[in-house]
Every structure is written in C-alpha cells, then in structure tokens.
Amino acid sequence: MQSKRGRLDRFISKKLQVSIKQVQVMLAKKQVWVDGNAVIARDFPIDEFSHICVDGETLQRNLPSYIMLHKPVGVVSATRDRQHRTVIDCLAAPELNTSNMNITDLHIVGRLDLNTSGLLLLTNDGRWSSALMSPENKVEKVYRVALKNPLTLDYIAAFAQGMYFAYEDITTLPAELEIISEHVAQVTLIEGRYHQIKRMFGRFRNPVVALHRISVGEIVLDSHLPAGHYRKLTSPEIALKALP
C-alpha cells in the first residue's frame with residue numbers, strides 16, 4: 001500500500017468543500033498550520049500523518065501504527081472473509097486494547113496462508129511497508145518447518161541452488177536451509193513466491209506438516225506473545241524497518 005501523499009491546498013479544498021482560491025486566502029492569512037507550523041505555500045507536501053489545522057480546527061491528526069501479531073493457524077491474512085476468522089478479527093477481540101488505534105486503516109505486510117502461523121506485521125504506514133516488501137531490499141524471512149518425512153543433506157544444496165517452477169517459468173532465488181532435527185528445518189527466504197516453501201519441499205515428496213514464521217528482517221516474533229494476540233512494535237523495532 002502506497003503512502004497517501006498530496007498537496008496541502010487540494011487536501012483542504014476537498015476536506016472543507018471550498019475552492020482553491022478560498023484556500024489561498026486562508027494560507028495568506030496564516031490560518032493554516034501543519035505539524036505546529038504556519039504554512040503559506042499552497043503546494044506544501046503532506047501525507048496521511050501530517051497534523052493539519054485551519055483556523056484552530058483540526059482537519060487531520062492520524063498517528064502511525066505498527067503491529068506485531070502472532071497469527072494462529074486457521075486465521076486468514078485478510079481484513080474481511082465470510083468463512084474464516086481474519087487477522088483484523090484478532091485485533092478487534094474485546095479483551096485486547098485497541099482504543100487508541102483505528103484498525104480499519106491497517107494493512108497487512110507480507111501475508112501468511114491459512115495454515116501458516118507466526119509473525120505477521122500490520123501498519124497504516126505505506127512507506128514503511130513498501131520498504132519491507134521491496135524486492136530490491138532483499139529482506140530475509142525465517143520459517144520453522146515441520147515435515148512428515150526425515151530430512152537429508154540433499155535438501156540443503158537443493159534449496160541453496162534455487163528451484164525452477166515451470167508454471168510461472170521462474171527459478172527461485174537461493175534459500176538457506178538448516179536441519180534442526182530429523183523432521184524439522186529452518187528456512188530463510190528473501191522472496192515470497194506462492195506457497196514457495198511447501199512447493200520446494202514437494203520436490204522431495206515431503207509434505208509440510210506445520211509452517212511457522214519466526215522473523216522478518218531483524219524483527220523477531222515475541223516469544224511471550226500468545227497465538228492470536230498482538231502488541232505494538234517498539235521504537236527500536238520500527239526504526240529497523242525490518243531491513244538487514
């Protein structure tokens with residue numbers, strides 16, 4: 001989701017239902033304040049988090065929100081769904097405090113499928129989420145994978161070389177696989193193809209029993225956060241922007 005950037009005069013004109021000429025008068029009279037400062041430039045750049053006041057009346061005062069959710073299995077990465085519980089439903093649970101957060105403005109940063117659990121990030125900051133998902137930034141995502149059949153050393157080399165998927169006519173980027181135990185692996189990806197991990201293990205005819213995301217970049221799922229619950233990211237976590 002892109003950040004909602006725009007011009008100050010057009011925002012005020014639309015918000016107050018007045019002409020651009022009327023806005024110019026307001027600006028000339030220094031009746032317009034943005035983030036605590038009087039502004040006279042009609043093309044002054046603003047975004048969804050600019051605090052805008054006109055003649056003492058607040059027109060916009062949105063605060064950025066950054067959320068870490070421990071997504072459970074059986075919850076869909078969507079804001080609405082007629083059949084399943086959604087991640088927004090998790091945030092709206094009555095026992096959780098959302099009084100100072102408008103959850104309807106949040107969007108999901110890197111989805112997880114219905115049967116995958118673990119770290120899911122949500123925000124209303126389009127620039128922050130774009131930095132996370134930009135292919136150029138090669139943000140690492142780490143997953144814990146439980147498998148039906150035993151692992152062998154052959155898996156490590158195959159994941160590191162990448163795999164060709166004929167349907168999309170693409171070869172996956174190199175991925176790191178670490179064998180944790182006979183039936184458990186840790187996989188690190190820098191991309192997110194459709195059901196990529198399950199399909200890669202499918203090359204070995206080894207069904208994935210459970211899939212759990214541990215981290216995105218340097219943001220790690222809080223081990224004290226129960227499944228289905230969330231917390232706000234800390235200032236250091238936000239500053240990381242989940243980039244390496």
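The structure under discussion appears in the preceding block.
Please read these numbers as outputs of a predicted model, since none were measured by experiment.

How each quantity is defined
Residues numbered from 1 in each chain as written. Predicted model: local features only at pLDDT ≥ 70, side-chain atom pairs only at ≥ 80, totals over all residues. Heavy atoms only, no water. Axes fitted to C-alpha atoms, helices over the stretch in contact; angles between N-to-C directions. Helix = DSSP H or I, 4+ residues; strand = E, 2+ residues; numbered from the N terminus. Parallel < 35°, antiparallel > 145°, perpendicular 65-115°, else oblique. Left-handed = near helix turned anticlockwise from the far one by under 90°. Contact = heavy atoms within 4.5 Å. Nonpolar A, V, L, I, M, F, W, Y, C, P; charged D, E, K, R; others polar. Pairing = 2+ DSSP bridges. Core = buried A, V, L, I, M, F, W, Y, C linked by side-chain atoms within 4.5 Å. Buried < 20%, exposed > 50% of the residue type's maximum accessible area, 1.4 Å probe, protein only. Lys, Arg positive; Asp, Glu negative; His and termini not counted. Salt bridge = Lys/Arg side-chain N within 4 Å of Asp/Glu carboxyl O. Polar contact = N/O pair within 3.5 Å; in protein donor to acceptor, adjacent residues only side chain to side chain. Phe/Tyr/Trp six-rings, centres within 6.5 Å; stacked < 30°, edge-to-face > 60°. Lys NZ or Arg CZ within 6 Å of the ring centre and 35° of its normal.

## Side note on the packing of helix H1 (residues 8-16) against helix H2 (residues 20-28)
Part 1: In the contact formed by H1 and H2, the axes pass within 9 Å of each other and the chain directions differ by 115°. Between H1 and H2, the angle falls in the class roughly perpendicular. In the crossing of H1 with H2, the sense of the turn from one axis to the other is right-handed. Each of Leu8, Asp9, Arg10, Ile12, Ser13 and Leu16 in H1 lies in contact with H2, whose residues at this interface are Ile20, Val23, Met26 and Leu27.
Part 2: A class-by-class count of the residues in the contact of H1 with H2 yields 7 nonpolar, 1 polar and 2 charged.

## A short note on the sheet that holds strand S5 (residues 52-54)
Part 1: Spatially, the 4 strands line up as an open sheet ordered S3-S2-S5-S6, and their pairing is antiparallel. On the outer flanks of this sheet lie strand S3 (37-38) and strand S6 (57-60), each paired with one strand and no other.
Part 2: Relative to S3, strand S2 (residues 32-34) is paired through 2 bridges, and the arrangement is antiparallel. Across the sheet, the residue bridging to Val34 is Asn37, located in S3.

## Some words on the nonpolar core
Most often, soluble globular proteins keep nonpolar side chains buried together rather than apart.
Part 1: Core analysis: the largest hydrophobic core is formed by 33 residues, its most contacted members being Leu91, Leu122, Phe159 and Phe201.
Part 2: Going through the elements one at a time, strand S7 (66-71), helix H3 (87-91), strand S11 (116-123), strand S12 (141-147), helix H5 (154-161), strand S16 (184-189) and helix H6 (196-202) are the ones with two or more residues in this core.
Part 3: By residue number, the principal contributor to this core is H3, which donates 4 residues.
Part 4: Among all residues touching Leu122, those that are not within four sequence positions of it are Ser65, Tyr66, Ile67, Leu69, Val87, Ile88, Leu91, Leu106, His107, Ile108 and Val109.

## Some points on the side chain of Lys71
Part 1: Along the chain, Lys71 turns up in strand S7.
Part 2: At 5.9 Å, Asp113 is the nearest oppositely charged side chain to Lys71, a buried residue that forms no salt bridge.
Part 3: At 3.1 Å, the side chain of Lys71 forms a polar contact with the backbone oxygen of Asp113.
Part 4: In contact with Lys71, other than residues within four places in its own chain, are Ser77, Leu112, Asp113, Leu114, Thr116, Ser117, Gly118 and Leu120.

## What to know about the packing of aromatic side chains
When we look at a pair of aromatic rings, we describe it by the centre distance and by the angle of the planes.
Part 1: One pass over the structure, following the stated rule, counts 4 aromatic pairs.
Part 2: Each ring, one from Tyr66 and one from Trp128, has its centre 5.0 Å from the other, and the planes form 65°; the classification is edge-to-face. Of this pair, Tyr66 sits in strand S7 while Trp128 sits in helix H4 (residues 126-133), and the two are 62 residues apart along the sequence.
Part 3: Members of the aromatic cluster, each reached through a chain of ring pairs, are Tyr155, Phe159, Phe201 and Phe204.
Part 4: Over the ring of Phe165 we find Arg199; its NZ or CZ atom is 4.2 Å from the centre of that ring.

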